[in-house]
Amino acid sequence: MDATPQIRFRDLTLDGFVEELASSAPVPGGGSASAVAASLGAALVAMVAALSMGRPKYAEHADLLAWSNETGRALADRFLALADEDAAAFARYAAAMKLPRDTDDDRLVRIASLQAAARYASEVPLLCVEACLGLVAAAEALAGRSNVNASSDLNVASLLGEAAARGAAANVMINLPSVGDPEFVEVMTARVDGLLHEVERLASETREIVASGEPREALPTPALD
């Protein structure tokens, strides 16, 4: 089977995506599933912001709420694009695996292609981990500054972001041994570890704030990208 997706995952129905995920097809896999899970978390951030906007009780957080709504929507779109990119990365590696290895030259070309594909297959999920940090940061910023009736939704957003970050990080790490570049592996490993530490810290803080139920002071006006 050709591993290249014929349509974007976002164009499938929810049931259709789940069916594809449950099939024996190589894509979508864990990387795409992580990105889709993160898109749901980002959508929840946008939802919580929308449920809080225009309410007098949260007027002092109006700028934050507008930023969070826009950021959540942008991240949701980004994660869905990353789901497709992850599948494309797998397709590139699968194509390299099929290259001939009959001669010494063939084998050299195949090794170089596999290493390049493995590098790409580690870089794409790293983008997902980085975006997950943005997701959990947005959720943490909203905690205690948004509709208290939707606080559990913020918690879910943060949990999805953390789980997606861990899933994407696992995909980074599994591809690194095939890159053939120890320096690249060292840099990528350190980057993943640092990102996960920050993701976990923010997710933990979000849970604590939500559990306390206490309101928080307004933040400075965020910069809208």
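What this report covers is the structure whose coordinates are included nearby. (Residues numbered from 1 in each chain as written. Predicted model: local features only at pLDDT ≥ 70, side-chain atom pairs only at ≥ 80, totals over all residues. Heavy atoms only, no water.)

Right, let's talk about the overall build of the chain for a bit. Across its full length, the chain holds 6 helices and 0 strands. Projected onto its principal axes, the C-alpha coordinates of the chain cover approximately 75 × 40 × 30 Å. Relative to its full complement of 225 residues, the chain shows a buried share of 41%. Within the structure as shown, the chain displays about 11,500 Å² of accessible surface, and the carbon and sulfur contribution to it stands at 57%. (Helix = DSSP H or I, 4+ residues; strand = E, 2+ residues; numbered from the N terminus. Buried < 20%, exposed > 50% of the residue type's maximum accessible area, 1.4 Å probe, protein only. Areas by Shrake-Rupley, 256 points an atom, 1.4 Å probe, with all protein chains shown as cover.)

Here we come to the pattern of salt bridges. Going through the model one piece at a time under the given rule, you end up with 11 salt bridges. We note a salt bridge from R166 to E200, for which the minimum N-O separation is 2.8 Å. Residue R166 is found in helix α5 (residues 151-175), and its partner E200 is found in helix α6 (residues 182-212); the two are separated by 34 residues along the sequence. The exposure class of R166 is partly exposed, given its relative accessible area of 46%. Connected through shared salt-bridge partners, E198, R201 and E205 make up one network. (Salt bridge = Lys/Arg side-chain N within 4 Å of Asp/Glu carboxyl O.)

What follows covers empty space enclosed by the protein. According to the stated counting rule, one finds 1 cavity of 30 Å³ or more in the structure shown. In this model, the largest cavity occupies a volume close to 50 Å³. Forming the boundary of the largest cavity are G31, A35, L82, A83, D86, V124, P125, C128 and A168. Of the residues assigned to the lining of the largest cavity, the class counts are 7 nonpolar, 1 polar and 1 charged. (1 Å grid on protein atoms, 1.4 Å probe; cavity = no way out; pocket = protein on both sides within 12 Å on 5 of 7 lines; lining within 4 Å. Points joined across faces, edges and corners; volume = space filled by probe spheres on them. Nonpolar A, V, L, I, M, F, W, Y, C, P; charged D, E, K, R; others polar.)

The next thing to look at is α6. Each turn of an α-helix holds 3.6 residues, which means side chains three or four residues apart point in the same direction. Helix length check: α6, at 31 residues, gives a terminal C-alpha distance of 45 Å against a target of 45 Å (1.5 Å per residue), a fit within 8%. Residues of α6 that are buried: F184, M188, V192, L195, L196, V199, L202, A203, T206, I209 and V210. In the core, the buried residues of α6 are packed alongside α4 (104-142) and α5. Taken from the residues just after α6, G213 is the one with a positive phi, measuring 70 degrees. (Expected span 1.5 Å × (residues − 1). Contact = heavy atoms within 4.5 Å.)

Turning our eyes to something else, we now look at the environment of N147. Along the chain, the position of N147 falls in the loop between α4 and α5. N147 sits in the buried class, given a relative accessible area of 5%. Separated by 90 residues in the primary sequence, N147 and K57 have C-alpha atoms spaced 8.6 Å apart. Beyond its immediate chain neighbours, meaning those up to four positions away, N147 contacts L51, S52, R55 and Y58.

A few words now on the side chain of R145. As for its position among the elements, R145 is in the loop between α4 and α5. No salt bridge is formed by the buried R145. Its closest oppositely charged neighbour is E140, at 5.2 Å. A polar contact of 2.8 Å, which involves the side chain of R145, links it to the backbone oxygen of A141. Residue contacts for R145: discarding those within four places in its chain leaves Y58, H61, L64, L65, E140, R216, E217, A218 and L219. (Lys, Arg positive; Asp, Glu negative; His and termini not counted. Polar contact = N/O pair within 3.5 Å; in protein donor to acceptor, adjacent residues only side chain to side chain.)

For the structure shown, the criterion picks out 1 aromatic pair. Against the face of F184 rests R119, its NZ or CZ located 4.1 Å from the ring centre. (Phe/Tyr/Trp six-rings, centres within 6.5 Å; stacked < 30°, edge-to-face > 60°. Lys NZ or Arg CZ within 6 Å of the ring centre and 35° of its normal.)

Moving on: the packing of α4 against α6. Contact pair α4 / α6: the axes reach a minimum separation of 9 Å and the direction vectors enclose 25 degrees. It follows from the interaxial angle that α4 and α6 lie roughly parallel. Both α4 and α6 take part in a crossing whose hand is left-handed. When α4 is examined against α6, the residues R119, S122, E123, L126, V129, E130, C132, L133, V136, A137, A139 and E140 are found in contact with a partner set consisting of F184, M188, R191, V192, L195, E198, V199, L202, E205, T206 and I209. The class makeup of the residues in the contact of α4 with α6 is 14 nonpolar, 2 polar and 7 charged. (Axes fitted to C-alpha atoms, helices over the stretch in contact; angles between N-to-C directions. Parallel < 35°, antiparallel > 145°, perpendicular 65-115°, else oblique. Left-handed = near helix turned anticlockwise from the far one by under 90°.)

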